[in-house]
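Fold and contact review
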Amino acid sequence: MTNVSLSITPDTAHRLKLSMRTGLALVVLGFGMPALGWLQGRPAYPLWLSASAVAAIIAGAWLFARGRYSGLPAGIQNNGVWMRALTNRGVSGWLLAVVLTGFYVLLYWWPQYLGLGRSGAANTGLIAVFDPLSQLLKKQPASEWFVYGVLYTALILALGVKFLYKYRHNRYQMLRTASVMFFQTAFAFLIPELLQRLNQPFFDFKNMWPLNYYFTDGWFIKQLLGSGNMGLFMLIWGVLMVFVISPVLTYFYGKRWYCSWVCGCGGLAETAGDPFRHLSDKSLRAWNIERWLVHAVLFLSVAMSLAVLYSFFLKSGDTYLVTRDFLAWFVTVLFGSIGAFLFFRRRRFAGATPRHVYLLLGAGAVLLALCGGRS
Amino acid sequence: MREILDDGHGKCCAAVTNHGETIACGFVGLTAGVSPNIGFLKNTALETNRGILVNEYLETSLPDVYAAGDCAELRRPAPGRRAIEAVWYTGRMMGETLAHTLTGQRTAYDPGIWFNSAKFFDIEYQVYGDIRPELPDDQATLYWEHPDGKKSIRLNYARQTGRILGFNLLGVRYRHEVCARWLQTGAHIEDVLQHLGLANFDPEFYPQHEQDLLENYNRQSGKNLLLKQKRGLSAVLRFLNRN
């Protein structure tokens, strides 16, 4: 048995070993190579640049995790998280937050600064770095979302490996992490990209409405309906996910079947977010705010989706089996049955009170008013 | 203990007792123990012994003064229980009990069955019921240990009646409500063993050891019991809601 310090204060046990430093250097290199491309702005890059950047991120994280956890007894090791700047709101923690937020701002509002070529122009900078990888996968130049997908998947794989090391004593966490790593790589990243290569619509089979908020958009439905049997299958699959697969699995296993086994958001939260869990607000107030927020967002997304569907069917007349009247009936039956179910079986759903049922029915009535308004 | 001896490489090799005896060892575990820190109350009107003396309502010798937690010493502890139980579970229960009293419902302290759980370095530990350091003559024990030495299960029961008396677990989790129900109803050891899946509280996909423990029992008793109840939440809910 090696000499192991179980001290919870910073001491020799928390000094970075050579393998951990090498690992961190590789991760920095992995993110730095594309970033250099961003600064340089050259239009053509070799494939090995992006491929080796991704490989460096994953290998670096693996080296770091090995240095950090192997040799220590298996079991949750959170020693020192309150002592490090990165995980206790120190300078490096804030720096990371600002960089990440800045990246998202550019990604959503100003992708041209990441190098996205506008109106047919070739990509430059960061996005051009990933052009060869995109060409390889789908025979199209990269978009800002392709770059984001590559980095997101690389991050889940890299920090998933670290999580696997940290939780190697727990078979549940090992299987769960392998599952989110698989779903992110295959379902969220590779399959949609390869579908595009085969001239099929971009479709993430595990990304269901309302998380997939464009599922009810007219352009998306038209795209699916214009893509033959495959498109029709995607449409039916998407509806089945929302109304059959998800409710049944959630009833038996809880929302974790999606949030921590399948979903990419949960995947990142459980891998990249793991060293930061202790910073979350555990107060009752925070939980109350969270509940109001998630339900308000759910209500808004249902309302917006209905509005979008409504105008879609308004324009398309009687072309489709589904009409505006059908929508109104659908809302009535859906909210009525959920309300009745909650009301009569509220003891089964700990905490559901009549007040919740009234809130739900009220929300349904507002949505119905939205559908019922004739123009 | 007087001294810990160094092996010349910065590691311990022996401990010397206050009687001068030298005990060779490769590891020293220091247990300082817990004692109520009530020195500042010694010369007051409050009646104290090792801790602050309280009755079953946690009332001290002075009106409107209560004591709860590590500092409280029960004048009449329940049979088989200690007067001072300095663990946080009992501290929390005393706090809840006292909250009832202070808000107008005078409530006696009832800690239920003895239980505790903690972590020794990275090995989790749980105990339910009566597990003594030395097995009394009227008790029998059933023990199972994982080959890796990091998991073990011990069940103690009455030698004559077979009544279950205690659970002791290292690296394995059992469900509190189920163990408490078995202990309170005085379930038979064979009934417990055949339904041991009800007690399994490890995370999903963990190896299950109920069968191993049952086989140990069959070996030592010459019986041929079969495991009737495997792990499962709905069976647990049915069991707990039965009466």
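The rules behind each value
- Residues numbered from 1 in each chain as written.
- Chains lettered and ligands numbered in written order.
- Predicted model: local features only at pLDDT ≥ 70, side-chain atom pairs only at ≥ 80, totals over all residues.
- Heavy atoms only, no water.
- Helix = DSSP H or I, 4+ residues; strand = E, 2+ residues; numbered from the N terminus.
- Buried < 20%, exposed > 50% of the residue type's maximum accessible area, 1.4 Å probe, protein only.
- Areas by Shrake-Rupley, 256 points an atom, 1.4 Å probe, with all protein chains shown as cover.
- Lys, Arg positive; Asp, Glu negative; His and termini not counted.
- Charge placed at Lys NZ, Arg CZ, Asp CG, Glu CD.
- Arc of directions from axis to C-beta.
- Contact = heavy atoms within 4.5 Å.
- Expected span 1.5 Å × (residues − 1).
- Bend = angle between axes of the 7 residues up to and from the residue.
- Core = buried A, V, L, I, M, F, W, Y, C linked by side-chain atoms within 4.5 Å.
- Domains from an automatic or database assignment.
- Buried area = accessible area lost by both parts, 1.4 Å probe.
- Salt bridge = Lys/Arg side-chain N within 4 Å of Asp/Glu carboxyl O.
- Polar contact = N/O pair within 3.5 Å; in protein donor to acceptor, adjacent residues only side chain to side chain.
- Nonpolar A, V, L, I, M, F, W, Y, C, P; charged D, E, K, R; others polar.
- Pairing = 2+ DSSP bridges.
- Axes fitted to C-alpha atoms, helices over the stretch in contact; angles between N-to-C directions.

Another aspect to go through is the overall build of chain B. Scanning chain B from N- to C-terminus turns up five helices and 10 strands. Along the first, second and third principal axes, the C-alpha atoms of chain B reach 65 × 65 × 35 Å. The buried share of chain B, taken over its 243 residues, is 38%. Here chain B displays about 14600 Å² of accessible surface, and carbon together with sulfur accounts for 50% of that area. Seen as two clouds, the 27 positive and the 29 negative side-chain charges of chain B have centres 5 Å apart.

Okay, helix H5 (residues 233-241) of chain B next. Residues and elements named next belong to chain B. Regarding H5, the residues found buried are Ala235, Val236, Phe239 and Leu240. On an axial view of H5, the arc spanned by its buried residues comes to 130 degrees, and they lie on one face. Facing away from the buried surface of H5 by more than 90 degrees, the exposed residues are Arg238 and Asn241. Against helix H2 (176-185) lie the buried residues of H5.

Quick look at helix H9 (residues 228-253) of chain A now. Residue and element names in this part refer to chain A. In a regular helix each residue adds 1.5 Å, so 26 residues correspond to 38 Å; H9 covers 35 Å between its end C-alpha atoms and thus fits that length. At Met241, H9 is deflected by roughly 50 degrees, the largest bend along its length. Looking at H9, one finds that the buried residues are Gly231, Met234, Leu235, Gly238, Met241, Val242 and Ser246. Those residues of H9 that are buried are in contact with helix H7 (171-197), helix H8 (218-225) and helix H10 (256-259). One or two residues past the end of H9 sits Gly254, with phi positive at roughly 85 degrees.

Right, let's talk about the nonpolar core for a bit. Formed by 48 residues in total, the largest nonpolar core has its most connected members in Leu155, Phe167, Tyr174 and Trp182 of chain B. Residue contributions to this core peak at five residues, all from H2 of chain B. The two domains that each donate at least three residues to this core are domain 2 (39-102) and domain 3 (115-241) of chain B. Counting residues in each nonpolar core, the second largest holds 32 residues, with Phe205, Trp209, Val262 and Leu309 of chain A among its members.

Now for unusual backbone geometry. Following Trp209 of chain A, the chain continues to Pro210 of chain A via a peptide bond in cis, the omega torsion being 5 degrees. Of note, Pro210 of chain A is situated in the loop between H7 and H8. Positive phi, close to 60 degrees, is recorded for Asp64 of chain B, a residue that is not glycine. Summarising the element assignment, Asp64 of chain B is placed in the loop between strand E4 (52-54) and strand E5 (72-74). Under the relative-accessibility criterion, Asp64 of chain B is labelled exposed at 72%. A positive phi is found at Phe205 of chain B, a non-glycine position, where the angle reads about 70 degrees.

This brings us to the side chain of Thr271 of chain A. All names here are of chain A. Mapping Thr271 onto the fold places it in helix H11 (residues 264-271). Owing to a relative accessible area of 4%, Thr271 belongs among the buried residues under this scheme. In this structure Thr271 touches Ile156, Leu159, Gly160, Phe163 and Thr177, once residues within four positions along its chain are discounted.

What follows deals with the interface of chain B and chain A. With eight residues of chain B in contact, the opposing surface of chain A contributes 14 residues. Together chain B and chain A conceal approximately 850 Å² of surface at their shared face, both sides included; 53% is due to carbon and sulfur atoms. In this structure, the connection of chain B to chain A is made through one salt bridge. With a shortest N-O distance of 2.7 Å, Glu204 of chain B and Arg256 of chain A are connected by a salt bridge. Summed over the shared surface of chain B and chain A, the number is four residue pairs in polar contact (both at pLDDT 80 or more). A breakdown of the residues in the side of chain B that touches chain A according to their chemical character gives five nonpolar, no polar and three charged.

With that settled, consider the pattern of salt bridges. Residues and elements named next belong to chain A. On inspection of all chains with the given rule, the structure shows 14 salt bridges over all chains. Of the charged contacts, one joins Glu270 and Arg176 as a salt bridge, the two residues approaching to 3.6 Å between their closest N and O atoms. With Glu270 in helix H11 and Arg176 in helix H7, this pair connects stretches of sequence that are 94 residues apart. Across the pair Asp274 and Arg277 runs a salt bridge, and its minimum N-O distance is 2.7 Å.

This paragraph deals with the sheet that holds strand E7 (residues 123-129) of chain B. Residue and element names in this part refer to chain B. Read from one edge to the other, the open sheet built from five strands follows the order E6-E7-E10-E9-E8, with strand pairing classed as antiparallel. In this open sheet, the two edge strands, each paired with only one partner strand, are strand E6 (115-120) and strand E8 (139-145). Each strand of the sheet is rotated relative to its neighbour by a mean of 10 degrees, with strand direction disregarded. Examined bridge by bridge, strand E9 (residues 152-158) and strand E10 (residues 164-170) share six bridges and lie antiparallel to one another. Of the residues in E10, the one forming a bridge with Arg154 is Asn168. Contacts from H2 reach E6, E7 and E10 within the one sheet, and its direction differs from that of E10 by about 155 degrees. Where helix H4 (residues 210-221) meets the sheet, its contacts fall on E8 and E9, and the angle it forms with E8 comes to roughly 130 degrees.

The subject of this paragraph is the domain arrangement of chain B. Along its sequence, chain B is carved into domain 1 (1-30), domain 2 (39-102) and domain 3 (115-241). Computed from C-alpha coordinates alone, the two centres of domain 1 of chain B and domain 3 of chain B are separated by 36 Å.

For the rest of this paragraph, the subject is the sheet that holds strand E3 (residues 22-24) of chain B. All names here are of chain B. In spatial order, the strands read E1-E2-E3; together these three strands make up an open sheet with antiparallel pairing. Every interior strand has two partners, whereas the edge strands, strand E1 (3-6) and E3, have only one. Across the sheet, the axes of successive neighbouring strands diverge by a mean angle of 30 degrees, strand direction being ignored. Pairing between strand E2 (residues 12-16) and E3: three bridges, direction antiparallel. Considered in E3, the bridge of Val16 is made with Thr22.

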